[in-house]
Amino acid sequence: MSNLSSRSRPRSGPQSKLLSKPLYKNRNRSLAQGHFNRITVWAKWLLLCLLIIPVLAGVVGVFLPAMGYFPAIGATQFDFRVFVALFDVAGIHTMMWLSLFTGLVATVIAALFAFVLLSVFYRSQMLSRLQIVLSPFLVLPHAGAAIALVFLLSPSGFFARLFTFDSNSIASANEGIFLFDSYGISIILALVLKEIPFVLLMAISVMSQPLIHEKINGYFKAGTALGYSPIAIFFKLVLPIVFPQIRLPLLAVLVFAVSNVEIPLILGPNDPSTLAVAVLHWFNNIDLSMRLQASAAAVVQVGIAVFAVIVMLAIEKAFTFGGKKWLQRGKRHATDKAISATAYLLLFVYVVLVVSAVYTLVAFSFAKQWTFPNIIPTDVTMLHWNTVLDAVLTPLSNTLLLGVCVSFSALVLVLLTLESEPLNAGKTRASLLLPTALFLPLLVPGVAFLYGLVWFQQLILKDAIWFHVYVAHMVYVIPYVYLSLAVAYRKFDNRYVMVALSLGKSPMGVFFLVKLPLLIGPILVAFALGLAISFSQYLPTLLTTGGAISTVTTEAVALAAGSSARLSAAYVVIQAVMPLCGFGLAWWLSNILFKPSTTKISTNESSTGKSVRSV
């Protein structure tokens, strides 16, 4: 009996403490994991709020003044008089047509050229070199690209210098052809140059996904066996798979092109201008009653964007119908020589533009005297750079501080949001809202909600200028960071996760100790992309701060409107170098921070465990 009673009593002393430690350890681990799961869910909802609330608040804030409600000037009655007055403005229909025409034509041309380049180079090593050639225009802000084209295409620009051989042709060269034309040809050219790299990057990211890549390889083998050329295989078999995946990014590009401000402000005609530029001028008018007209024009801008999307979808249907007829004919070749010649010609034009833009900007920034039609400056000086360096310190520090804070915050939210997908399986409300919310800021024209957002910000936390510009930048940075990181995150090999979990690591430990180190390259690239997007924001910075916070981009656009061309060139060089430094730093750090070692794993169980733990 004594033996039985002694066995039934609970043990005390050091032995009992050792037995209880795993229990408490598991309990603490489960509590920590529960907290981590909740953090990922909260991060997803916070990301959704940052994407949805500013856009919806801005739309409401711009719709109310458009309907005549603006208490600041005593307007409290809802009616349509503002819209009636707007359509009586001289040249308003030309503004609307110019916005629609330039944005739609530029997007269609950019998509066609991107598909032509892919059809020729998608099965060759030239594709990686192609990305290198197009990357300068991809990372260069829109304002910087527009200013660079001014230096190239102006009546006394670099191209006019190249093709002017005597004094008799100087007069004809000074007439100018492309810049500030009433048809917006220069706007279309600048938008095409900026949109081709983005459409190409989106298509390449879709084609690199494992399932789609495997399907493309299978279709390519089948098409080759049937005698089809690689270009015909791309247009008949590959493009129908890729295009539905990039439809939303392409529509986002269209909406941006229709409502863009920076490029038409620098390159477009002034009387009349595009509708987005007119909205900017009306909103910044000293007369507060003009904000009613600006709000009504912003609502009309939404209608133009919606109509452009409908036209784009109709064009897609027409191409689909024609493609089916072309597919039924069974032709093995798709005018391969013409498409190949177009692709190489387009690549040559891009190389010429990149090299010419870089040379012209650098030469102008150092030129003391550069008379027309000389191709090389007659004398150089550091005077312009000294002036810029003295004045750029504050805009540069503001740009870097804002870009780092915004990009880092967006990166943390995106990583936690992506991690919540495997941790919280099943379709929740947040998961269903996420795809729509990501493209909401890109599909709603900026002039349609940024003005309303400024109105709300003036009512709430009026003096928190940095917070306002931070939120406005986050709205645009988060979608690009998410799209950049989602592909790499979802392609992550889950066998690492399974091995780490089998060795006793919690999901939170797997996230911090396994996933983040192995994904350090894509994470740093996404961070650099966020920096580039934040650096390029002109309208959100200008409107939310009222000019109180200057950045490199706002200063560059202000200088492009007047002042010295040499100072503008110096600012554009700084604009181009900043994102390039970000991507270069990301590439360098990814090689420094994580270098996976190829250790030979023995068949012994213990050595296998050590090798996996070291990874």
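### Focus on the pattern of salt bridges
Working step 1: For the structure shown, the criterion picks out 3 salt bridges.
Working step 2: A salt bridge links R247 to E316, with the nearest nitrogen and oxygen atoms 2.6 Å apart. Here R247 is found in helix α11 (residues 230-259), whereas its partner E316 is found in helix α14 (residues 290-329), with 69 residues between them in sequence.
Working step 3: You can call R247 partly exposed: its relative accessible area is 28%.

### With respect to empty space enclosed by the protein
Any space left empty among the atoms is revealed by the rolling of a water-sized probe across them.
Working step 1: Per the stated rule, a full pass over the model turns up 3 cavities of 30 Å³ or more.
Working step 2: One number sums up the size of the largest cavity: a volume of about 80 Å³.
Working step 3: Going through the elements one at a time, α2 (14-66), α14 and α19 (446-459) are the ones with two or more residues in the lining of the largest cavity.
Working step 4: With 5 residues, α19 is the largest single contributor of residues to the lining of the largest cavity.
Working step 5: Broken down by class, the residue content of the lining of the largest cavity amounts to 7 nonpolar, 4 polar and 1 charged.

### Re helix α13 (residues 275-283)
Working step 1: A large share of α13 lies buried, amounting to 8 of its 9 residues.
Working step 2: All buried positions along α13 are accounted for by L275, A276, V277, A278, V279, L280, W282 and F283.

### Digging into the packing of aromatic side chains
Working step 1: Under the criterion given, the structure shown has 18 aromatic pairs.
Working step 2: Between F80 and F83 the ring centres are 6.5 Å apart and the planes differ by 45 degrees, which places this aromatic pair in the tilted class.
Working step 3: According to the relative accessible area criterion, F80 is exposed, its value standing at 56%.
Working step 4: Judged by relative accessible area, F83 falls into the buried class, the value being 14%.
Working step 5: Centroid distance F121 to Y344: 5.3 Å. Interplanar angle 85 degrees. Geometry classified as edge-to-face. Placement of the pair is F121 in helix α4 (residues 92-121) and Y344 in helix α15 (residues 336-366), with a sequence separation of 223 residues.
Working step 6: On the accessibility criterion, F121 (2% relative accessible area) is buried.
Working step 7: Ring pairing ties together the aromatic residues F151, F158, F159, Y359, F364 and W370, which thus form one cluster.
Working step 8: Against the face of F220 rests R123, its NZ or CZ located 4.0 Å from the ring centre.

### A look at the layout of surface pockets
Working step 1: Estimated volume of the second largest pocket: approximately 900 Å³.
Working step 2: F235, L239, E316, F319 and T320 are the residues nearest the centre of the second largest pocket, which is lined by 30 residues in total.
Working step 3: Of all elements in the fold, only α4, α11, α14 and α15 reach the threshold of two or more residues within the lining of the second largest pocket.
Working step 4: When residues of the lining of the second largest pocket are assigned to their parent elements, the largest contribution, 12 residues, is made by α14.
Working step 5: For the lining of the second largest pocket, the per-class residue count stands at 20 nonpolar, 5 polar and 5 charged.

### What to know about the packing of helix α9 (residues 185-207) against α11
Working step 1: Two elements in contact, α9 and α11, have axes whose closest approach is 9 Å; the angle formed by their N-to-C orientations is 145 degrees. Once α9 is placed against α11, the crossing between them reads as right-handed. Within the contact between the two elements, α9 uses L191, E195, F198, V199, M202, A203, V206 and M207 and α11 uses V238, V242, Q245, I246, P249, L250, V253 and A257.
Working step 2: Taken together, the residues of the contact of α9 with α11 break down into 14 nonpolar, 1 polar and 1 charged.

Reading guide: rules and limits
- Residues numbered from 1 in each chain as written.
- Predicted model: local features only at pLDDT ≥ 70, side-chain atom pairs only at ≥ 80, totals over all residues.
- Heavy atoms only, no water.
- Salt bridge = Lys/Arg side-chain N within 4 Å of Asp/Glu carboxyl O.
- Helix = DSSP H or I, 4+ residues; strand = E, 2+ residues; numbered from the N terminus.
- Buried < 20%, exposed > 50% of the residue type's maximum accessible area, 1.4 Å probe, protein only.
- 1 Å grid on protein atoms, 1.4 Å probe; cavity = no way out; pocket = protein on both sides within 12 Å on 5 of 7 lines; lining within 4 Å.
- Points joined across faces, edges and corners; volume = space filled by probe spheres on them.
- Nonpolar A, V, L, I, M, F, W, Y, C, P; charged D, E, K, R; others polar.
- Phe/Tyr/Trp six-rings, centres within 6.5 Å; stacked < 30°, edge-to-face > 60°.
- Lys NZ or Arg CZ within 6 Å of the ring centre and 35° of its normal.
- Axes fitted to C-alpha atoms, helices over the stretch in contact; angles between N-to-C directions.
- Left-handed = near helix turned anticlockwise from the far one by under 90°.
- Contact = heavy atoms within 4.5 Å.

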